[in-house]
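# Structural features, examined
For reference, the chains in residue letters:
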Amino acid sequence: MATSIQLDGVEKVYGGLRVIHGIDLQIDPGDFTVFVGPSGCGKSTLLRMIAGLEDISGGELRIDGQRMNEVPASKRGIAMVFQSYALYPHMSVYKNLAFGLETAGMKKPEIERRVQEAADVLQIGPLLQRKPKALSGGQRQRVAIGRAIVREPKIFLFDEPLSNLDAELRVQMRVELTRLHQQLGNTMIYVTHDQVEAMTMADKIVVLKEGRVMQAGRPLDLYNHPANRFVAGFIGSPK
Ligand code: ADP
Ligand code: MG
């Protein structure tokens with residue numbers, strides 16, 4: 001029961017300056033899609049428009065065929081994972097996971113079930129009573145992902161969630177995120193400027209440059225048949 005996302009001519013204009021130019025994109029149900037491109041190419045802006053955190057200046061966004069342009073963020077069935085520093089420092093891990101659900105008025109047994117389930121998936125059960133400052137970088141990142149999981153969203157969006165971690169941990173978290181995707185089966189979009197991350201994690205890569213899609217496809221297809229020099233250079237294709 002995974003969810004599809006369609007973008008038709010999606011644009012973003014900031015104060016008269018167009019930063020996203022007519023993007024057409026089909027994201028298939030259950031795919032792990034990676035938006036990759038250099039800093040400033042529009043990855044975060046695109047993700048935030050899909051999430052509903054940013055107005056869409058032109059074109060149409062659809063989720064499972066339904067127009068979403070005017071639907072508020074809270075009604076899109078999307079959870080966005082931010083970097084680990086977005087945890088509440090004065091709350092326990094349990095509370096960090098439960099807080100949003102409590103605020104939404106959810107009953108305690110349901111909250112406990114969801115927190116336990118997320119803790120199992122992420123293997124952070126023994127950490128639930130700790131405060132964020134008593135966690136390692138990787139553990140904090142898991143809690144940040146846990147806050148998305150407890151909401152049971154249809155779609156997960158990740159904006160460079162590993163960029164603050166050291167190289168070794170980043171490699172480990174890539175593997176864990178891939179496992180998480182296989183386990184949950186949700187549609188996920190992952191943003192990075194790191195081509196290795198894109199190549200190793202993606203079902204489908206979308207290469208962006210200056211607010212335009214340069215190429216979209218499976219990692220090996222892009223590697224073997226890059227559409228242009230930019231794509232070839234960016235993903236390290238030999239051609
Ligand atoms: P990326 O995430 O790929 O690094 P962004 O989506 O953050 O790129 O930014 C894309 C472009 O939009 C950049 O030129 C950036 O300066 C511009 N931009 C992003 N947010 C704003 C904003 N709130 N106001 C004006 N310009 C913005
Ligand atoms: Mg960004």
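Model, not experiment: these values are computed from the prediction.

## Focus: the nonpolar core
One finds Phe35, Leu157, Ile189, Ile205 and Val207 to be the most contacted residues of the largest nonpolar core, which totals 63 residues. Per element, the largest residue contribution to this core is five residues, and it comes from helix 4 (residues 137-149). Contacts of Ile205, omitting those with residues within four sequence positions, involve Val34, Val36, Ala198, Ala216, Gly217, Pro219 and Leu222.

## Side note on the pairing of strand 7 (residues 155-159)
Across the five residues of strand 7, four count as buried, placing the element largely inside the fold. For strand 6 (residues 78-81) and strand 7, the ladder comprises four bridges, and the chain directions are parallel. Within strand 7, the position partnered with Ala79 by the bridge is Phe156. Pairing of strand 7 with strand 8 (residues 187-192), which is carried by five bridges, proceeds in the parallel orientation. Along strand 8, the bridge assignment pairs Ile155 with Thr187. Chirality of the crossover, the property in question, places the unit of strand 7, helix 5 (residues 167-184) and strand 8 among those that are right-handed.

## Here's the deal with the environment of Val191
Following the sequence through the fold, Val191 ends up in strand 8. The exposure class assigned to Val191 is buried, which follows from the 24 C-beta atoms found within 10 Å. Through-space distance from the C-alpha of Val191 to that of Gln129 is 31 Å; in sequence the pair is 62 residues apart.

## Notes on the sheet that holds strand 2 (residues 17-27)
If you trace the four strands from one edge of the open sheet to the other, you get 2-1-4-5, paired in antiparallel fashion. Here the strands that pair on one side only, and so sit at the sheet edges, are strand 2 and strand 5 (66-67). Note: strand 1 (residues 5-14) against strand 2, seven bridges, orientation antiparallel. Opposite Gln6, over in strand 2, you have Gln26 as the bridge partner.

## Quick look at the site of ligand 1
Every residue lining ligand 1 is accounted for by Tyr14, Val19, Gly37, Ser39, Gly40, Cys41, Gly42, Lys43, Ser44 and Thr45. Among the elements that take part in the shell around ligand 1, helix 1 (residues 43-51) stands out by supplying three residues, more than any other. Residue composition of the shell around ligand 1, grouped by class: three nonpolar, six polar and one charged.

## Things to note about the packing of helix 2 (residues 93-103) against helix 3 (residues 108-122)
It is at 10 Å that the axes of helix 2 and helix 3 come closest, and there the two elements cross at 135°. In terms of orientation, helix 2 and helix 3 fall into the oblique class. You can see that helix 2 and helix 3 cross each other, and the crossing is right-handed. Residues Tyr94, Leu97, Ala98, Leu101 and Glu102 of helix 2 form the contact with helix 3, whose participating residues are Ile111, Arg114, Val115 and Ala118. In the contact of helix 2 with helix 3, the residues fall into seven nonpolar, no polar and two charged.

## Comments concerning the packing of helix 3 against helix 4
Where helix 3 meets helix 4, the axes come as close as 9 Å, and the angle between the chain directions of the two elements is 135°. By the angle between their directions, the pair helix 3 and helix 4 is classed as oblique. The chirality of how helix 3 crosses helix 4 is right-handed. Of the residues in helix 4, those in contact with Ala118, Ala119, Val121 and Leu122 of helix 3 are Arg142, Ile145, Gly146 and Ile149. Its residues placed into classes, the contact of helix 3 with helix 4 shows six nonpolar, one polar and one charged.

Reading the values: rules and limits
Residues numbered from 1 in each chain as written. Chains lettered and ligands numbered in written order. Predicted model: local features only at pLDDT ≥ 70, side-chain atom pairs only at ≥ 80, totals over all residues. Core = buried A, V, L, I, M, F, W, Y, C linked by C-beta atoms within 7 Å. Buried ≥ 20, exposed ≤ 12 C-beta atoms within 10 Å, placed from the backbone. Helix = DSSP H or I, 4+ residues; strand = E, 2+ residues; numbered from the N terminus. Contact = placed C-beta atoms within 7 Å. Pairing = 2+ DSSP bridges. Right-handed = clockwise from strand over helix to strand, strands pointing away. Near = placed C-beta within 6 Å. Nonpolar A, V, L, I, M, F, W, Y, C, P; charged D, E, K, R; others polar. Axes fitted to C-alpha atoms, helices over the stretch in contact; angles between N-to-C directions. Parallel < 35°, antiparallel > 145°, perpendicular 65-115°, else oblique. Left-handed = near helix turned anticlockwise from the far one by under 90°.

None of the figures reported here should be taken as evidence of function without further support.
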